[in-house]
Structure formats: structure tokens, C-alpha cells
Amino acid sequence: MSTFPRYRAAARMIAAIGVLSLAAACAGNGGGGGTSGATADGGSGGYPDQNITFVVPFSAGGPTDTVTRMIAEPMAAKLGAKIVVQNVEGAGGTVGAGEVARAQPDGYTVLMHHIGMSTAPALYQDPGYKPLESFEMVGLVTEVPMTIVARKDFEPATLQDLVTYVKANADKVTLANAGIGAASHLCGLLFQTATGVKVQEVPYEGTGPALTDLVGGQVDFMCDQTTNTSGQISAGEVKAYAVTTPERVKSLPDLPTTTEAGLPDLKVSVWHGLYVPKGTPQDAVEKLSEALKTALADQKVIDQMAKLGTAPVPAEDATPQAHRAKLEEQLTTWGKVISDAGIKAS
């Protein structure tokens, strides 16, 4: 039985805000952005001829929501259609993803999902969809680095200090995450695997509440995307230990990598991609993919992502083919990690 109605009220409120802001953006574009029935090439008729809904299966204001709203405006302008962003969170992203999988395959319901698409089959007995069979891939969007951060008055000064402290106080240290299957949970799992220590995990319903409590000092540390932590790190609201990618992040040049900081086995980035229901006409998939490439080449998007410690993927990765290859590889990788850890979502 679908749980979508439980989230309808909140989603509609957020969607209404998205319609107003994106409608204004399209109207001011000068082209056919605000014209009903306009197509990507400026003609009339064909796809798209109505609003397109982008479903984000996580809370408003979180990292995936932020990335989605960055690309929605330039994609709307390219497509000549309004894009409404709806947040349908729940069960590690499976609620929203499941609703998109069951939606009419007409190109008007699009899912933005992250690495969680590749972990759901291993975490959930039945997430309500099969990643490779229930969706058509549109293209990859970005790969976001993760950061290891703590409340600003937490005792450990460096990543190695943190590892030592955690090993000595495993029963007292609290590790926050945004819920089972969330990127922060996966990164936290890899931290515990890399250090050989099991700590007390504190799951939240979304990254926003988890980071809020971290800043407030209610929990000790967490692992989260730069799109969500860069502002707090720069403002000195949290203590930052490392970034989980092979190279340093340009927007956080003083933050060492996990390899530099002495934890080379902890490497993870959160990739995002766009999906539509299986059976969506190829014409619609291709137009969405082309609009995605246009958005990722937009200088405003590039600058916005840079401020958050990430960057758009190359144009060749913003394709259905590259997206499918990435998903296939990640399903295998995370299936083993989760199986070895013996973790299952309830």
C-alpha cells in the first residue's frame, strides 16, 4: 500500500514555493520559458507540454534537495516548462523513489536520487522497486565529497585524535546520521569499518535535524556531504577533521583528505542522478538528458556547486549510458559492504 498521501500536504506546500520561484525564473528568461506548451527547441506541441515534477526523496533543505534546486531553473528554461520540486521523504529515500517507479511513464515525473539508489536493495527486503528494472536513467549530476565533522567543543583535535578517542570511549561517543540508508549513515558505517570500532549511532529523519543537533552540541560527530557542511565549517560552527575524497576540496583548502589525515580506507563520495519510470518515451529521456547537460554547463550552477565543495560531472557522464554503468558498479560495491556489515533496515 502506498504511503505517499502521508507526505502530500508538506510536499504541496514546498511544491507551491517551487512553482512560484521557477515560474518567475522562466518568465524572466526571455525565451519560451513561461509559455505553456513550449518545447525545448521553442516549438509548440510534443514533450513537454505541462509542468514537470522533480521528486526529491529526502527532506527540504538537505544536500540532495539543494542540488536539485540548483539545476531545476536552467533545466526548466531549456525544456520550456515549469519544474516543480516535491520532497517526499521517508525510509531512506525508498518512499519517494517507489512513488516515481509507479508513476505514469510519460516524462513528467522525475526522481533525483543519490548513492542510496545503489544501497536500497541490500538494506531493505523490498524497497518497492528494482533500481535497474524500474527506472530509465537520465544522467549523472554530481559527485559530492563527504566531510567528517564534530561539535565545535569536541575534545579530539585531529582525525587521528578522533580515532583514538572513539576507540577509548566507544560506549559514550554519539555518531549522528540522517537515517538508515542515508549518505551520512553509509559514510558513518565506513568510518566504523575503517577504525574497527562500533559506536552509538543516533539516526534522525533527515540531514538538517542531525546537523542542527550537532551544531547545538547534542551529538558528538557525523559524516555528511560538503553541500550540507561547508557553510558551518567556514563559519566555525563545527569542528572539521577531513574530506573523504582523494583530493582536497577547493572551497575547503585547509581541510585534509582522509588519506592525509591517516585514515586511507575511508573514501566515499555521494553521486546523484536523475531517473524516470521504466517505459518513459526515449524522446522525453533524451530531452531531459540534454536539458541536464545544459544545466551542468551553466556558470551559475558551476559557481553554486563550487561554493558547496562539489562540481558538475563532465558532459559525457550526464547520459543514460554512463548513469546505468555507474549504478551497476555501485550496486555491486555497496551490496558487499552492507552484507559484510550485516545491516538491514527495519
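Above: the structure in question.
In this text the structure is predicted, and so the values were computed from the model without any measurement. (Residues numbered from 1 in each chain as written. Predicted model: local features only at pLDDT ≥ 70, side-chain atom pairs only at ≥ 80, totals over all residues. Heavy atoms only, no water.)

Student: Please clarify how the packing of aromatic side chains should be interpreted in this entry.
Tutor: Any aromatic ring pair is given by two values, namely how distant the centres are and how the planes are angled relative to each other. A full pass over the atoms with the stated rule returns five aromatic pairs. Ring geometry for F135 and Y275: centres 5.6 Å apart, planes at 65°, overall edge-to-face. Linking F135 in strand β4 (residues 135-151) with Y275 in strand β9 (residues 269-277), this pair joins segments that are 140 residues apart in sequence. Across the pair, exposure class does not vary: F135 and Y275 are buried alike. In textbook terms, an aromatic cluster arises when at least three aromatic residues are bridged by ring pairs, as seen for Y129, F135 and Y275. (Phe/Tyr/Trp six-rings, centres within 6.5 Å; stacked < 30°, edge-to-face > 60°. Helix = DSSP H or I, 4+ residues; strand = E, 2+ residues; numbered from the N terminus. Buried < 20%, exposed > 50% of the residue type's maximum accessible area, 1.4 Å probe, protein only.)

Student: What should I look at first to understand the packing of helix α8 (residues 207-215) against helix α9 (residues 226-234) in this one?
Tutor: At their nearest, the axes of α8 and α9 sit 11 Å apart, and the two run at 20° to each other. Between α8 and α9, the angle falls in the class roughly parallel. As α8 runs across α9, the sense of the crossing is right-handed. Listed contacts from α9 to T207, L211 and V215 of α8 are N228, T229 and Q232. Partitioning the contact of α8 with α9 into residue classes produces two nonpolar, four polar and no charged. (Axes fitted to C-alpha atoms, helices over the stretch in contact; angles between N-to-C directions. Parallel < 35°, antiparallel > 145°, perpendicular 65-115°, else oblique. Left-handed = near helix turned anticlockwise from the far one by under 90°. Contact = heavy atoms within 4.5 Å. Nonpolar A, V, L, I, M, F, W, Y, C, P; charged D, E, K, R; others polar.)

Student: What am I meant to see in helix α10 (residues 282-296) here?
Tutor: Because the α-helix completes a turn every 3.6 residues, residues three or four places apart line up on one side. For α10, spanning 15 residues, the distance from its first C-alpha to its last is 21 Å, which sits close to the expected 21 Å at 1.5 Å a residue. Structurally, α10 contributes buried residues whose contacts are with α2 (63-79), β3 (109-113), β4, β9, α11 (299-307) and α12 (320-341). (Expected span 1.5 Å × (residues − 1).)

Student: Could you clarify how one ought to interpret the state of the cysteines in this entry?
Tutor: Joining two cysteines, a disulfide is a covalent bond between their sulfur atoms. Evaluated as defined, the whole model comprises one disulfide. At a sulfur-sulfur separation of 1.8 Å, the disulfide partner of C187 is C223. Disulfide C187-C223: torsion about the S-S bond near 45°, hence right-handed. Here C187 is found in helix α7 (residues 183-195), whereas its partner C223 is found in strand β7 (residues 221-225), with 36 residues between them in sequence. Its relative accessible area of 0% is what places C187 among the buried residues. (Disulfide = S-S within 2.5 Å.)

Student: Explain the environment of L292 to me, please; I cannot follow it from the model alone.
Tutor: The topology assignment puts L292 in helix α10. Not counting residues up to four positions away in its chain, the partners in contact with L292 are I71, M75, G139, L140, V141, L274 and A318.

Student: Help me understand helix α6 (residues 159-168), please; the structure alone is not making it clear to me.
Tutor: Considered for burial, the residues of α6 that qualify are L159, L162, V163 and V166. One face of α6 carries all of its buried residues, which in axial projection span an arc of 100°. Opposite the buried face of α6, at more than 90 degrees from it, the exposed residues are T164 and A168. Where the residues of α6 are buried, they touch β4, α7, β7 and β8 (238-243). (Arc of directions from axis to C-beta.)

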